[in-house]
Every structure is written in structure tokens, then in C-alpha cells.
Amino acid sequence: MTSDIAFLSSAVAPTVKNKRRKTAKGGKTKRSTKFQPPLVFINYRHKKSLDIAGRLRDRLLGVFGGDRVIRDTESFPFGDDFDQTIKTMLPKCTTLLTLIDDDWLKEIKRRAKAKTFDWVVFELELALNLGVRIVPVLVNGSAMPDARSLPRGLKALATKTAVPLRSGIDFHNDVDRIIAVLEQACAQRVTATRSKRK
């Protein structure tokens, strides 16, 4: 169903003016500090997306700062209750990035059949219920699942606009695009908040 999904193109980047400079050496992107940076939650599968999720986090840290990117293995305090930590952090987030690899849907179905708790589904369903902006990130050419194949609690995910993330030579260009989307979402949230206060 990839033909039914509108992939974000490089045309997105210019919509966020004066917020970001072109990627410098080392894959770091410089940004201005005109508004508070987005708070980003990375949702992913450890089995197949651990490495690329780590690379993505490192790039985002270089742009937004260490306290603005949430990933379970680094962001959750030792000894804290896992689900309560997620319930506390997610409502504060500007955007949740969900990394979809080629086994993503198969693993959801496998865990559902085995009646095994699925943290990926838990985080996504919570984000959808809270109204947190969700951006599907299609890893290395993975396809976006259609609504018919998704469990009931995730069907709304099928209509979200997806962005590709490739681990090869296109990685930094793809992350630049994701950064532009995150900054744009943050700016829109700030504008909406100010409008409500008037």
C-alpha cells in the first residue's frame, strides 16, 4: 500500500525558515534557538531497529539537546516503573517517531497471537489516545501497513504520512528531512498554544 502513502519529500525542509542549517561535517545539523526545541519520543523494535534507532537518536541529540530525545534504553531512570514512566513522558512530547522495519507488522501479530505484552503497541496506542503527533519512519524500504492489516487500536496509524529512513549513504539526508518535520510540528504547536491564550 506504499502507493497510497504520501512520502515526505525534500520540499518539506524550506517550510521551516531560518531554523536549521545544512548538515555539517560529522552529520551534525546546526539550529537556531528561536523556540524551545521539540520533545521527541522514539518508538522502535529492539530486534531489528536498535542500531538505526541509536544513530537517529545521536543525530537528533546533536540538534535538539540531550533532554529533548526520549529512547527507552537511555532515557528511563533505573528502577522506575516502565509503563508509568511512559505515561508520564508521552503527553509532554511534540512528536513520536515510530520506526517500522520489514518485520514490524509480523512481530505485532506474533505477540498478539502469543498474548505477549507489546511495548511498541502500548506506546503507539497511548500516543494515539493522547493526540500526540505520530510520524511513521519506514526503515530501509519497509512498506507502510494498510488499515486492514493493523490491529484495531492502531488502524489510525495507516493514514499518517510516512517518511523513509535508510541506513546507507542517504541516512543523513533522510534525518535532515525528519528534523525539518519535527521543527515544523513544534512551531505549529507553539502557534496553536499562543492562539488559545489570546
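Residues numbered from 1 in each chain as written. Predicted model: local features only at pLDDT ≥ 70, side-chain atom pairs only at ≥ 80, totals over all residues. Heavy atoms only, no water.

Student: Outline the sheet that holds strand β5 (residues 163–165), supporting the account with residue identities and numerical values.
Tutor: Judged by pairing direction, the sheet is parallel, and its 5 strands sit side by side in the order β2-β1-β3-β4-β5 without closing on themselves. Pairing within the sheet leaves two strands with one partner each, and these edge strands are β2 (69–70) and β5. With 6 bridges joining them, strand β3 (residues 95–100) and strand β4 (residues 133–139) adopt parallel strand pairing. For Leu97, the partnering residue across the bridge sits in β4 and is Val135. (Pairing = 2+ DSSP bridges. Helix = DSSP H or I, 4+ residues; strand = E, 2+ residues; numbered from the N terminus.)

Student: Give me the environment of Ile178: which residues, what numbers.
Tutor: Following the sequence through the fold, Ile178 ends up in helix α6 (residues 171–197). Using a relative accessible area of 2% as the deciding quantity, one classes Ile178 as buried. A C-alpha to C-alpha distance of 9.3 Å links Ile178 and Leu60, two positions 118 residues apart in sequence. Beyond its immediate stretch of four places on either side in the chain, Ile178 contacts Leu56, Leu97, Val137, Val163 and Leu165. (Buried < 20%, exposed > 50% of the residue type's maximum accessible area, 1.4 Å probe, protein only. Contact = heavy atoms within 4.5 Å.)

Student: Tell me about the pairing of strand β1 (residues 40–43), and name the residues and values.
Tutor: In β1, alternate side chains face the same way, and those of Val40 and Ile42 on one face and Phe41 and Asn43 on the other are all buried. Direction of pairing for β1 relative to β2: parallel, over a ladder of 2 bridges. Looking at β2, one finds that Phe41 is bridged to Ile70. Read as a crossover between parallel neighbours, the route from β1 over helix α1 (residues 46–64) to β2 is right-handed. Where β1 and β3 come together, 4 bridges link them in parallel fashion. Each bridged residue has a counterpart across the sheet, and for Phe41 the counterpart in β3 is Leu96. (Right-handed = clockwise from strand over helix to strand, strands pointing away.)

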